Structures are given as structure tokens and as C-alpha cells.
Amino acid sequence: EAGVAQSPRYKIIEKRQSVAFWCNPISGHATLYWYQQILGQGPKLLIQFQNNGVVDDSQLPKDRFSAERLKGVDSTLKIQPAKLEDSAVYLCASTLGLRETQYFGPGTRLLVL
Amino acid sequence: SQQGEEDPQALSIQEGENATMNCSYKTSINNLQWYRQNSGRGLVHLILIRSNEREKHSGRLRVTLDTSKKSSSLLITASRAADTASYFCATDANAGKSTFGDGTTLTVKP
């Protein structure tokens, strides 16, 4: 069974530029999560989808971050414009259902200069 | 503040010794999960323990949950150098939303 796929693996941009990350969850997994992990800290939930609907986006900085999950499968997370403090690893995870084991992708490491 | 907080922040042991990490949380939970993260990699799920369970085992891993004290522990027995990683607990208190602590960094010296 293929795991959670993410791309790109690394991205370097300058502040005020825009960037997008892509996630393909495990086939059949209805719930998808995006996390931000700053160096030395644990993952912080940005947004949670159930199929193509948003369950929780309370910690998503909506003035610059957006996410969508069209057709309830793949998802994209966008930052526009990026700030220096957005430098982090962006992790995508999926679960078969709520309250189940989360399976994580390898993450996208973003550096904003 | 984080729902789950790991203790200690860092732990250094010799190969073959046991390692114990603790996690404390503030509100009632549905389940608690432990994850491992090797440097620069994604998180790997270790064990999920539900609120009505007290102990679970998986190979060299033993997890306990005390809901009255709002705490959990992860024991790794007979540690190996390959166990060197950061370990995180994540609590699910609401509709599958997991809240992670900042982790315990474990170093196992050969």
C-alpha cells in the first residue's frame, strides 16, 4: 500500500513570494490534515478535512494561508505572501476515519529568505 | 499551550538500557498516540491507546495511560542506536483533531 505522498520535498523562496504544496493521501482515507512543524517544536495543526469539507481550520492564518481538497482526494496548501516565520516543515497526514491512526507523509521543508 | 507535553525534553542513554518518556495533558481525551520522528523525516506512528485502555504493548514498546492523572508513558526496552529519534505524544480530544507536544529527544549511545 502506497503511503502519503508530498511534493516538493524542499522549497526555497524569498519573502513575499507565493508557494504551494501538494499532498496525496493513502487511497480511501477520508480525513486529511496539514501540519506546520517549526524546528524544535511539535507539529501544529493548520487544517483538517473530512472528504472535501473543512472540519477545523481554527489555527490557519487565513490572511496568507489557504488550502483546498478538491474531490476529497488530493490537497494543496498555499502561502501567499510568505513571511520569514513561515520557514518550517509542512506535513500532510491522512486517516481512514476520525480518531484513527494518522499516517504522515515525508513533509515539505520550506525556507523563506 | 500544548495539550500534550512530553518530559523530559532530552534523554541520553546507553544501548541496552531502557528509556522512559512521559506525556501529560490537560483535558479529557478520546485517545493518545505516540509517534517517532527521525531527523529530517516524517512522523511514524508507534502506538494508539484509547481512553478506556490502561496499557498496550508493541514489540519493545510499552505504553501506559492514566486518565485520572491525565498522563501517559512510553517505555522502550533494550534500546538500540536506531531508536535515536524524537518522540511525540498526540492527544485526540475532539473529532479526530490531534494536538502534539514538543517531543522528547532520545539519544542512544552505542
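Residues numbered from 1 in each chain as written. Chains lettered and ligands numbered in written order. Predicted model: local features only at pLDDT ≥ 70, side-chain atom pairs only at ≥ 80, totals over all residues. Heavy atoms only, no water.

**Examining the sheet that holds strand β1 (residues 5–7) of chain B**
All names here are of chain B. For the record, the criterion: Pairing between strands is defined by DSSP: at least two bridges between the two strands are required. Only DSSP runs of H or I with at least four residues qualify as helices, and only runs of E with at least two residues qualify as strands; both kinds are numbered from the N terminus onward. Helix axes are fitted to C-alpha atoms over the stretch in contact, other axes to C-alpha atoms as well, and angles between N-to-C directions run from 0 to 180 degrees.
Taken in spatial order, the five strands of this open sheet run β1-β3-β8-β7-β6, and their pairing is antiparallel. Strand pairing shows two members of the sheet lacking a second neighbour, β1 and β6 (55–58), which therefore form its edges. Across the sheet, the mean angle separating the axes of adjacent strands is 20 degrees when strand polarity is ignored.

**Concerning the interface of chain B and chain A**
Rules: By definition in these notes, contact holds between two residues if any of their heavy atoms fall within 4.5 Å. Values labelled buried area give the accessible surface lost by two parts on being combined, using a 1.4 Å probe and summing over both. Should a side-chain nitrogen of Lys or Arg be within 4 Å of a carboxyl oxygen of Asp or Glu, the pair is scored as a salt bridge.
The partner chain A presents 22 residues to the 21 residues of chain B that form the contact. Contact between chain B and chain A buries roughly 1700 Å² in total, counting both sides, with carbon and sulfur atoms accounting for 46%. Joining chain B to chain A, the criterion identifies one salt bridge. A salt bridge links B:Arg50 to A:Glu100, with the shortest nitrogen-to-oxygen separation between them at 3.5 Å.

**Considering the sheet that holds strand β8 (residues 75–79) of chain A**
All names here are of chain A. The strand order across the open sheet formed by four strands is β1-β3-β8-β7, and the pairing between neighbours is antiparallel. Two strands bound the open sheet, and with one partner strand each, they are β1 (5–7) and β7 (65–68). Here the strands of the sheet are splayed against their neighbours by 15 degrees on average, with no regard to which way each runs. Judged from the three bridges that link them, β1 and strand β3 (residues 19–24) form a sheet pairing that is antiparallel. Counterpart to Ser7 in the pairing with β3 is Trp22.

**Concerning the state of the cysteines**
Residue and element names in this part refer to chain A. Condition: The disulfide criterion is simple: two cysteine sulfur atoms within 2.5 Å.
Following the criterion strictly, the structure yields two disulfides over all chains and no others. Paired through a disulfide, Cys23 and Cys92 show a sulfur-sulfur distance of 1.9 Å. Classification of the bridge connecting Cys23 and Cys92 rests on its S-S torsion, roughly -70 degrees, and on that basis the disulfide is left-handed. Of this pair, Cys23 sits in strand β3 while Cys92 sits in strand β9 (residues 88–95), and the two are 69 residues apart along the sequence.

Structural measurements only, silent on function.
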